2 protein chains.
Amino acid sequence: MTMTGSENMDNPDPADFGILDGISEVIATTRSDASTPNAAPIGIIRDRDRLCVQLFSGSHTRQNAAGTGKIVANIIRDPVMYVECTFGDPGPEAFEYPDGMDYPVLKRASAWILFECNQSKGNMFELTPVRGMIRDKPMLCINRGANSVIEALVHATRYRLNGDARYLDLIRHYDKIVQRCGGSAEKEAIARLKEIMEIR
Amino acid sequence: MTMTGSENMDNPDPADFGILDGISEVIATTRSDASTPNAAPIGIIRDRDRLCVQLFSGSHTRQNAAGTGKIVANIIRDPVMYVECTFGDPGPEAFEYPDGMDYPVLKRASAWILFECNQSKGNMFELTPVRGMIRDKPMLCINRGANSVIEALVHATRYRLNGDARYLDLIRHYDKIVQRCGGSAEKEAIARLKEIMEIR
C-alpha cells in the first residue's frame, strides 16, 4: 500500500472512505441556489450497494439537495464541528471549493465525497458517488468521550423536537463520560452544546 | 505526507497512534512468565506527556504486566475482537510475535505500541513507549453502532461485578442502536455479547 499526498478520485468507492453497511455519521455540505454554503450532520445509510439519506422537510440540507441535486459528505472527526453544524452554520471561512467544483466542502475534513442526490420516496434520497478526495488518514483510537458527544447531540436534537426533559438527563449522563474520557476537543464540544441548550 | 507500507518505530509518539489526551480504548496484549499470550481491553489514560493505565488485581493483564514489565497496546476497530477479549481470550492464532520481539500483538491490529509498564500507586501503572508499528490507516466514519458495542461492553463488565439489572436494560438500549446503525461486524459483536450474557 502506498499513499502519497491526497487522492482525488472519480466514481469513488464509498468503502474507501469508511462508508460501510449501517449508518455513517458525516457532515453534509450543500449550497443554496444563491450559492450560500450550508453544513449539517447527516447519517448515510448503506445497505450493500445502495446508499441513501433521510432529509427532513424544512432543513436547509434538504432544500439545497433538492434544488441542486448534489450533496457532499465530509468525513471529519472534530467534535466541535458536529456541535456547531447541528445548531447553526459555521462561518464562510470553514468552507472551500475544490478545483473545478461548484459545491462547498469543509476545509478541515479528512475526506469528502460529492454525491448525486435524488429523492426516491418521502424523506428518502438516493446517493450516487461522483467524485471524492482523501486528504489524510488520521490514526484514531476509540474514545468514549468522542462517542458521547455524538450521542448527546442526538438527544439534543430530539429534545428540540419534543421538549422531553428525559433527554436533558441523558445529555448530563454523556457529559460525565466526556469529562472522564474525552480530550480537550470533546470537552469544548460538550461545553458548547450545554451552553447552547442552557444546561447547567 | 508519504506513507509506504508499514512503519516501524523506536520511541514512537503515542499521538501518531491516535493516543491523545483523555482515555483511549485499546486491546492490551501481554504474556505470562510461561509465555502464554493474553488479550483484554484497557483504557490508556493520557494527560499531556503522562501515560498510564489502571490494571485491577486478579486480572491476567495485571499479573503479566507486573511479571514482565511490558504491555502492548493494539489499536484495532474490530468490535467482535473487543467482545471476545472482554469475556475470554482469543485463540493462539489471533496473535503474532513481530521480528525480534518477545511480546504478542494482535495479527489484525491496525497499529501497536510496546510499552514499558511500571506500577506507580495501587492499580495505576505508568507507560513508556518503547517501540511501535503502524500497519494500516483505515478511513473510518463515525458509526453509532460501533460506539454502542463499546458502551454495551462497559455495562456488561459492570453487570458482572455487581449484578445490577439496570445494566441489562442499558445493554438492550445499545443493542437497538446497533441494529439500526451498525454493520454486520457490530451486529455479530452484540449478538455474541448477548449470547455470553444470556440476554434475550
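Right above here is the structure, for reference.
Now for a quick tour of the structure. (Residues numbered from 1 in each chain as written. Chains lettered and ligands numbered in written order. Predicted model: local features only at pLDDT ≥ 70, side-chain atom pairs only at ≥ 80, totals over all residues. Heavy atoms only, no water.)

We now examine the packing of helix α2 (residues 79–87) of chain A against helix α3 (residues 144–162) of chain A. All names here are of chain A. Following both chains from N to C, one finds α2 and α3 inclined at 10°, their axes separated by 10 Å at the closest point. On the basis of their axis angle, the class for α2 and α3 is roughly parallel. In this structure, α2 contributes P79, Y82, V83, T86 and F87 to the contact, and α3 contributes V149, I150, L153, A156, T157 and R160. Tallied by class, the residues present in the contact of α2 with α3 amount to 8 nonpolar, 2 polar and 1 charged. (Axes fitted to C-alpha atoms, helices over the stretch in contact; angles between N-to-C directions. Helix = DSSP H or I, 4+ residues; strand = E, 2+ residues; numbered from the N terminus. Parallel < 35°, antiparallel > 145°, perpendicular 65-115°, else oblique. Contact = heavy atoms within 4.5 Å. Nonpolar A, V, L, I, M, F, W, Y, C, P; charged D, E, K, R; others polar.)

Contact with chain A, which involves 43 residues of that partner, is made by 43 residues of chain B. In total, chain A and chain B occlude about 3600 Å² of area from one another, counting both sides; carbon and sulfur atoms represent 57% of this. At the junction of chain A with chain B, the criterion picks out 2 salt bridges. The partner of R144 of chain B in a salt bridge is E151 of chain A, with the nearest N and O atoms 2.7 Å apart. The tally of links from chain A across to chain B stands at 12 residue pairs in polar contact (both at pLDDT 80 or more). Those elements that place two or more of their residues in the side of chain A that touches chain B are β1 (2–4), β3 (22–31), α3 and α4 (166–181) of chain A. For the side of chain A that touches chain B, the element with the highest residue contribution is α3 of chain A, accounting for 6 residues. (Buried area = accessible area lost by both parts, 1.4 Å probe. Salt bridge = Lys/Arg side-chain N within 4 Å of Asp/Glu carboxyl O. Polar contact = N/O pair within 3.5 Å; in protein donor to acceptor, adjacent residues only side chain to side chain.)

For the rest of this paragraph, the subject is α2 of chain A. Residues and elements named next belong to chain A. Every buried residue of α2 is accounted for by P79, V80, M81, Y82, V83 and C85. In this structure, the buried side of α2 is in contact with β3, β4 (37–47), β8 (105–106), α3 and α5 (184–197). Capping the start of α2 is the job of one residue whose side-chain oxygen sits 3.0 Å from the backbone nitrogen of V80: D78. (Buried < 20%, exposed > 50% of the residue type's maximum accessible area, 1.4 Å probe, protein only.)

Before going further, it helps to spend a moment on the packing of aromatic side chains. What the rule picks out here adds up to 0 aromatic pairs over all chains. A cation over a ring is seen here: R166 of chain B above Y167 of chain B, with NZ or CZ 5.1 Å from the ring centre. (Phe/Tyr/Trp six-rings, centres within 6.5 Å; stacked < 30°, edge-to-face > 60°. Lys NZ or Arg CZ within 6 Å of the ring centre and 35° of its normal.)

All names here are of chain A. With 14 residues, α5 extends 20 Å between its outermost C-alpha atoms, agreeing within 8% with the 20 Å of an ideal straight helix rising 1.5 Å per residue. Along α5, the positions that sit buried rather than exposed are E186, A189, I190, L193 and M197. On an axial view of α5, the arc spanned by its buried residues comes to 90°, and they lie on one face. Turned more than 90 degrees off the buried face of α5, the exposed positions are S184 and E195. If you follow the buried residues of α5, they end up packed against α2, α3 and α4. Directly beyond the C-terminal end of α5, a positive phi value near 55° is found at E198. (Expected span 1.5 Å × (residues − 1). Arc of directions from axis to C-beta.)

Our next topic: the relation of the copies chain A and chain B. Each copy of the sequence occupies a distinct position, and chain A is placed on chain B by a rotation of 180° and an axial shift of 0.0 Å, giving an RMSD of 0.0 Å. The transformation just described matches what one would write down for a two-fold rotation axis. (Least-squares fit on C-alpha atoms with pLDDT ≥ 70 in both.)

All names here are of chain B. At their nearest, the axes of helix α3 (residues 144–162) and helix α5 (residues 184–197) sit 9 Å apart, and the two run at 15° to each other. When the axes of α3 and α5 are compared, the pair comes out roughly parallel. Here α3 and α5 pass one another in a crossing that is left-handed. Every residue of α5 that contacts α3 at G145, A146, V149, A152, L153, A156, Y159 and R160 is listed here: E186, A189, I190, L193, I196 and M197. A breakdown of the residues in the contact of α3 with α5 according to their chemical character gives 11 nonpolar, 1 polar and 2 charged. (Left-handed = near helix turned anticlockwise from the far one by under 90°.)

To continue, consider unusual backbone geometry. Residue and element names in this part refer to chain A. Positive phi values are uncommon outside glycine, yet N11 reaches one of about 40°. Tracing the sequence through the fold places N11 in the loop between β2 (7–10) and β3. Using a relative accessible area of 63% as the deciding quantity, one classes N11 as exposed.

The next thing to look at is empty space enclosed by the protein. Applying the stated criterion across every chain, the model contains 4 cavities of 30 Å³ or more. Roughly 100 Å³ of internal volume is contained in the largest cavity. If you trace the largest cavity, you find 13 residues lining it, with M139 and L140 of chain A together with I75, R77 and L140 of chain B closest to the centre. Along the lines of polarity and charge, the residues of the lining of the largest cavity split into 9 nonpolar, 1 polar and 3 charged. What lines the second largest cavity is I75, I76, R77, S110, K137, P138 and L140 of chain A together with P138, M139 and L140 of chain B. Residue composition of the lining of the second largest cavity, grouped by class: 7 nonpolar, 1 polar and 2 charged. (1 Å grid on protein atoms, 1.4 Å probe; cavity = no way out; pocket = protein on both sides within 12 Å on 5 of 7 lines; lining within 4 Å. Points joined across faces, edges and corners; volume = space filled by probe spheres on them.)

Looking now at the pairing of strand β4 (residues 37–47) of chain B. Put simply, side chains in a regular strand alternate between the two faces of the sheet. Residues and elements named next belong to chain B. Examined bridge by bridge, strand β3 (residues 22–31) and β4 share 10 bridges and lie antiparallel to one another. Residue G22 lies in a different strand from β4, and its bridge partner there is R46. Counting the residues between successive antiparallel strands, the hairpin from β3 to β4 contains 5 residues, one of them, S35, with a positive phi of roughly 70°. Relative to strand β5 (residues 50–54), β4 runs antiparallel, the two sharing 4 bridges. Residue pairing in the sheet places R46 in a bridge with L51 of β5. Between β4 and β5, which pair antiparallel and follow one another directly, the connecting turn spans 2 residues, one of which, R48, has a positive phi of 55°. (Pairing = 2+ DSSP bridges.)

Relative to the helices and strands, E25 of chain B resides in strand β3. Of the side chains with opposite charge, R144 of chain A comes closest to the buried, unpaired E25 of chain B, at an N-O distance of 5.1 Å. The residues contacting E25 of chain B, other than those within four sequence positions of it, are I142 and R144 of chain A together with I42, G43 and Y82 of chain B. (Lys, Arg positive; Asp, Glu negative; His and termini not counted.)

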